[in-house]
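Overview (structure and organization)
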Amino acid sequence: MTKTATAKDNGSCPECGSALVIRRGGHGPFLGCSHYPECQYMRPLKAQADGHIVKVLEGQECPKCQAVLVLRQGRYGMFIGCSKYPECDHTEVIDKPDETSITCPQCGKGKLLQRKSRFGKVFHACNRYPDCQFALNQQPIAGECAHCHYPLLMEKRTAQGVKRFCASKLCGKPVAIE
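So, how was this worked out
Residues numbered from 1 in each chain as written. Predicted model: local features only at pLDDT ≥ 70, side-chain atom pairs only at ≥ 80, totals over all residues. Heavy atoms only, no water. Salt bridge = Lys/Arg side-chain N within 4 Å of Asp/Glu carboxyl O. Helix = DSSP H or I, 4+ residues; strand = E, 2+ residues; numbered from the N terminus. Buried < 20%, exposed > 50% of the residue type's maximum accessible area, 1.4 Å probe, protein only. Pairing = 2+ DSSP bridges. Axes fitted to C-alpha atoms, helices over the stretch in contact; angles between N-to-C directions. Contact = heavy atoms within 4.5 Å. Phe/Tyr/Trp six-rings, centres within 6.5 Å; stacked < 30°, edge-to-face > 60°. Lys NZ or Arg CZ within 6 Å of the ring centre and 35° of its normal. UniProt positions renumbered as here; feature names shortened; annotations may be inferred.

A word on the pattern of salt bridges. Note on pairing: side chains with opposite charge can pair once their charged atoms come close. With the rule as written, the count across this model stands at two salt bridges. The closest approach of N and O atoms between Asp89 and Lys64, which form a salt bridge, is 2.9 Å. Of this pair, Asp89 sits in the loop between β7 (77-82) and β8 (91-93) while Lys64 sits in the loop between β5 (52-61) and β6 (68-74), placing them 25 residues apart in sequence. By the burial criterion, Asp89 is exposed, and Lys64 matches it.

Across the sheet, four strands lie side by side as β13-β14-β15-β16; this open sheet has antiparallel pairing. At either end of the open sheet lies a strand with only one pairing partner, and these are β13 (139-142) and β16 (174-175). Relative to β16, strand β15 (residues 161-166) runs antiparallel, the two being bridged by two bridges. Bridge assignment links Arg164 to a residue of β16, and that residue is Val175.

Right, let's talk about the sheet that holds β8 for a bit. The sheet built from four strands is open, its strands ordered β5-β6-β7-β8 with antiparallel pairing. This sheet does not close on itself; its edge strands, each paired only once, are β5 and β8. With strand direction ignored, the average angle separating the axes of adjacent strands in the sheet is 30°. In this sheet, β6 lies alongside β5 in antiparallel orientation, the contact comprising six bridges. When the sheet's bridge partners are listed, His52 is paired in β6 with Gln73.

The next point concerns the side chain of His90. Tracing the chain through its elements places His90 in the loop between β7 and β8. Sequence-distant contacts of His90, that is, excluding residues within four places in its chain, are made with Cys62, Pro63, Lys64, Leu69, Ile80, Gly81 and Cys82.

In total, this model carries zero aromatic pairs according to the counting rule given. Just above the ring of Phe165 sits the side chain of Lys156; from NZ or CZ to the centre is 5.0 Å.

We now examine the UniProt feature "domain: DNA topoisomerase type IA zn finger" (unreviewed entry) in the protein. Sequence positions flagged by UniProt for "domain: DNA topoisomerase type IA zn finger" (unreviewed entry) are, in local numbering, residues 11-47, 59-96 and 102-140. The distance separating the terminal C-alpha atoms of residues 102-140 is 8 Å; by composition the span is 0% helix and 44% strand.

This brings us to unusual backbone geometry. A cis amide bond, omega 10°, links Tyr36 with the succeeding residue Pro37. Looking at where Pro37 falls in the secondary structure, it is placed in the loop between β3 (28-33) and β4 (42-44). Residue Pro130 follows Tyr129 across a cis peptide bond; omega there is 10°. As for its position among the elements, Pro130 is in the loop between β11 (122-126) and β12 (135-136). Here Gln66, not a glycine, exhibits a phi torsion of approximately 65°, which is positive. Following the sequence through the fold, Gln66 ends up in the loop between β5 and β6. Backbone geometry places His149, a non-glycine residue, at a positive phi of 65°. Mapped onto the secondary structure, His149 falls in the loop between β13 and β14 (152-158).

Written out as structure tokens, the structure is:
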């Protein structure tokens, strides 16, 4: 369901010549024809939906096409991209995940990475995702559980201070800190 905002000179519809009005839909505001539903013309309010340029990174070249790299603000945050987008689609992540030296207890092959969820919460996951889907919401600590011999511990902040627990969902018992 869309709602119409107050009519202001937003141009005319290229299909039928009627006035364009700002409407609000499920994905945010957009410009739409005032003779909807007879004419279904619409276009986004923002001209650049691919992420607007925040800063030009002088002296840094794109490895694909040797154009200048730019800092962009996209829908999922800041990233580095080629200035010749969409001809060149090179992008780089600014916040690379921090790798720990702790081996994944589930697959035994991967290492645990510190990542951020889409809500900004920090968690640790196996770098072999999607092959291994191990994830932990607390800080992982190398060690072994004295009760079930699970090869990973986790640190939790409690009212009594920082404590260590078994990282196994089946065990989860507190472990004494040496």
